[in-house]
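Next come the chains, spelled out residue by residue.
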Amino acid sequence: MKDKQKPTKKDSGSRGEKRGLLAKFHKKETEDYSTSLVFGTQDAAAAAPRRKNWLARHKKLAAVLAVLLVAAFAVWRFLRAAVPASTVTYQYVRTTTLQKTSLENSVTATGTVAAGSEAHVTVADAAKTYTIATVNVEVGDEVQAGDVIATLDTADLQKQIEQAEQSYSDDLQSAQTTYDRAVDSYEVGTVQHENKLIDLQEAIDKADETLAEAQQALCDAQHARDSAESTVNAAQSTLDSLQSAYSAAQGIASYISAYDAAADALVSAAAALDTAGSSYTTAYMNYTAAADDETRAALLPALETAARSLESAWTVYGSGAGLQAAMDANAGVSAGNQRAVSATTAPDLAGVNAQLAAAGSTAVLNAPVADTLVENFKAAAEALVTQESAVTADTGMTYQQLLDSYAAAQSQLTAAQTALTQADTQLTSAETQVKTAETQLENAHDSYDTEKNSTTLTSLYQQIEDAEVRLEQAQRTPDTLTTLRDTLEDCTLTATMSGTVTALNATVGSVCGETVATIQDTDGLTVEITLSANDVSTVSTGMACTIQSDATGETEINGTLTQIDPTANEQGTFGAKVQVNTADSGLLIGIQAQVEIIQDVTEGVFVVPIDAVGTAQDGSSFVYRQTGGEGVDMTFEEVPVTTGASNDYYIEISGDTLAEGDVIRATADMTEGIETAEVEQDSALSMMPGMGDMSGQAMPDMSGQSMPDMGSFGGGADFGGGAPAGGPGGM
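Conventions used here
Residues numbered from 1 in each chain as written. Predicted model: local features only at pLDDT ≥ 70, side-chain atom pairs only at ≥ 80, totals over all residues. Heavy atoms only, no water. Buried < 20%, exposed > 50% of the residue type's maximum accessible area, 1.4 Å probe, protein only. Helix = DSSP H or I, 4+ residues; strand = E, 2+ residues; numbered from the N terminus. Pairing = 2+ DSSP bridges. Patch = residues over 30% accessible without salt bridge, like charges linked within 9 Å, V, L, I, M, F, W, Y side chains within 5 Å. Areas by Shrake-Rupley, 256 points an atom, 1.4 Å probe, with all protein chains shown as cover. Salt bridge = Lys/Arg side-chain N within 4 Å of Asp/Glu carboxyl O. Lys, Arg positive; Asp, Glu negative; His and termini not counted. Charge placed at Lys NZ, Arg CZ, Asp CG, Glu CD. pLDDT = per-residue confidence, 0-100. Contact = heavy atoms within 4.5 Å.

Asker: Which residues make up the pairing of strand S9 (residues 515-520), and what values do they have?
Answerer: Where burial is concerned, most of S9 is hidden: 5 out of the 6 residues are buried. Pairing analysis gives 5 bridges linking strand S3 (residues 118-122) to S9, with the strands arranged antiparallel. Considered in S9, the bridge of valine 121 is made with alanine 517. Relative to S9, strand S8 (residues 499-504) runs antiparallel, the two being bridged by 4 bridges. Of the residues in S9, the one forming a bridge with leucine 504 is alanine 517.

Asker: So what about the sheet that holds S8? Which residues, and what values?
Answerer: Spatially, 4 strands are ordered S3-S9-S8-S5 in an open sheet, and the strand pairing comes out antiparallel. A strand with exactly one partner marks an edge of an open sheet, and here the two such strands are S3 and strand S5 (142-143).

Asker: Hey, could you go over a negative patch on the surface for me, with residue numbers and the actual values?
Answerer: A cluster of acidic side chains, namely Asp199, Glu202, Asp205, Asp208, Glu209 and Glu213, defines a negative patch on the protein surface. Mapped onto the elements, glutamate 202 comes out in helix H5 (residues 155-249).

Asker: Describe in detail the environment of glutamate 382, supporting the description with residues and values.
Answerer: Residue position: glutamate 382 is located in helix H10 (residues 372-391). Sequence separation of glutamate 382 and alanine 326 is 56 residues, and the distance between their C-alpha atoms is 8.7 Å.

Asker: Describe the confidence of the model for the protein, listing the residues and the values that go with them.
Answerer: Per-residue confidence for the protein gives a mean pLDDT of 80; residues scoring 70 or more make up 80%. Long-range and interchain partners of residues 725-731, a stretch whose pLDDT sits below 50, account for 39 contacts in this model, where long-range means more than four residues apart.

Asker: So what's going on with the pattern of salt bridges? Which residues, and what values?
Answerer: Under the definition given, this model contains 10 salt bridges. Of the charged contacts, one joins glutamate 229 and arginine 225 as a salt bridge, the two residues approaching to 2.5 Å between their closest N and O atoms. Residue glutamate 229 and its partner arginine 225 are both found in helix H5; the two are separated by 4 residues, about one turn of the helix. Residue glutamate 229 is classed as partly exposed on the basis of its relative accessible area, which comes to 34%. The class for arginine 225 is partly exposed, based on a relative accessible area of 22%. A salt bridge links arginine 296 to aspartate 293; the nearest nitrogen and oxygen atoms lie 2.2 Å apart. Here the residue arginine 296 and the residue aspartate 293 both occupy positions in helix H7 (residues 293-317), the gap between them amounting to 3 residues, near one helical turn. Given a relative accessible area of 22%, arginine 296 falls into the partly exposed group. Aspartate 293 sits in the exposed class, given a relative accessible area of 56%.

This is the structure we're talking about:
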């Protein structure tokens, strides 16, 4: 494995095209010249070992080569200085043109294309005796997980299963029927038993309630009888205390009659006065509403008559001057004897006389002077109040209160005596009810205990347990039937994964072998590679990869490093897998493929072949940039540069004066391509111990690795195999 530079889409040609040009160049050189170029007879990229790997494996040879390299460098410097410019003739000059590009470090490996996953369709041991009935696929068919690959002839097997299932079903049905009947009997017995207990408990609860109610009724009856007796005694005592005062009150009836007569006369006179006032008002309204004088003249007598009637009624009622004093006297009469007497409105004397005068009447309304009815009513009320007070003087009550209290005492005594009689009857009844309730409660408890201790349910439950044991035994699928069913299922051979049938070993009528079919995921391909111990530490899963094979030509297929074995195999290398990401990649399972694992990428830099960078005596770096001429006659100037990232072939350079399009000599060795100085070089080199004949060979670098210099040969064909993407190209 080795690091190499990967071209990008900016490159003018694919890697395959440049490799082809490289091969052509090698062929031409071997035909036209007696010495060969550094590229050898095979692909330089494949032949050249990685620098660090080669050093690790050939430490002694590396030391010898280092000594030879120092000597060779001294000779090169000597020849460079010794060859006169006028005598130097170049057979070719290689160049590269600066462009901004990317520089990649990568590790390459070769491996085998394999399916992403694989599964084998096999036959269970119990089904191996059955012959194949159908084969549903062919090699190359796409299948999904669960698809039927083949079926076996199961006619005899199915008959055995039917017989075993029938026997199993009969036994199960019999056991189930027995169990169901036992359960039904138990459930019916349970319901009946529980219902009886519920009914009996309800009877107990009802008997408890009845007894409690009877006891409460007895208690209430006793309290009621005691209370009624107390009430009778109290009512009798109250009536006795009021009897003498009540008897005296019966003697004031004449005062009450005189009071009632005076009240009636006053109320009647007030009503007559109100009626006369209304009549006058009506007569006056009729008079004023007349349409003409004639009508008014006709209505005037009626108006005068109404005025005289008003005066007469007013005279009877009186002036009303003492009405308020009469009302005050009336307020002292007891409520039972008191009469409601209200004041009336006196006529508007001045208003009526003004109306009469306006009508042209000579009649005049005169106000009464006397107040006889009011005075009579007042005197009668005062006399009655005096008598009522005299009768109740010793009781502390008013006359009305005395009458009300005596009537209430009589009523209460009668009611209390009736209640006492009823209480005696209820007490006797309550005592009887308590005795009856106690008997009913005792009977209810006896009935409940008898039902609760019944043994009927226990016997029914034992029958269920026996039937349940037999049912559980019958429900167990017989081992023979289970085995037959499993065997039947095994006789349908299905795909355990989705993929392509890549191998098939099944013929109708034959007995199956170990593996009937092989299914592989041909879409999800992987490339199985190995990594050296030195390389495995420089890569990690997830790194991008490119894949090429003879089957896919120069097409680069995208991939991802997905697996690295944690331990080395017997050869000391580590297995790894690269997942193929490109759909329809064209890769075929089992072919060899080359994988390039991209370690890192430096973008947007100037890149030249490593040999293009020279080292000055002060240790600084430089390149030769074209200043003029064409082909083998090109002239160059030395330009100082700063180097950066590099891989085995190319190195990043930068400098203040560098620009895109600059043509850089592909090697800083000015002796490369010299034609006239060839003999002198060979002679000088041959004088160095251990160098021998190096004509036509590239100067080894510090790693001991021959470095192919890609670029353009002045006057020759353009080639640049392995050039960085968009990077140095030929002129």
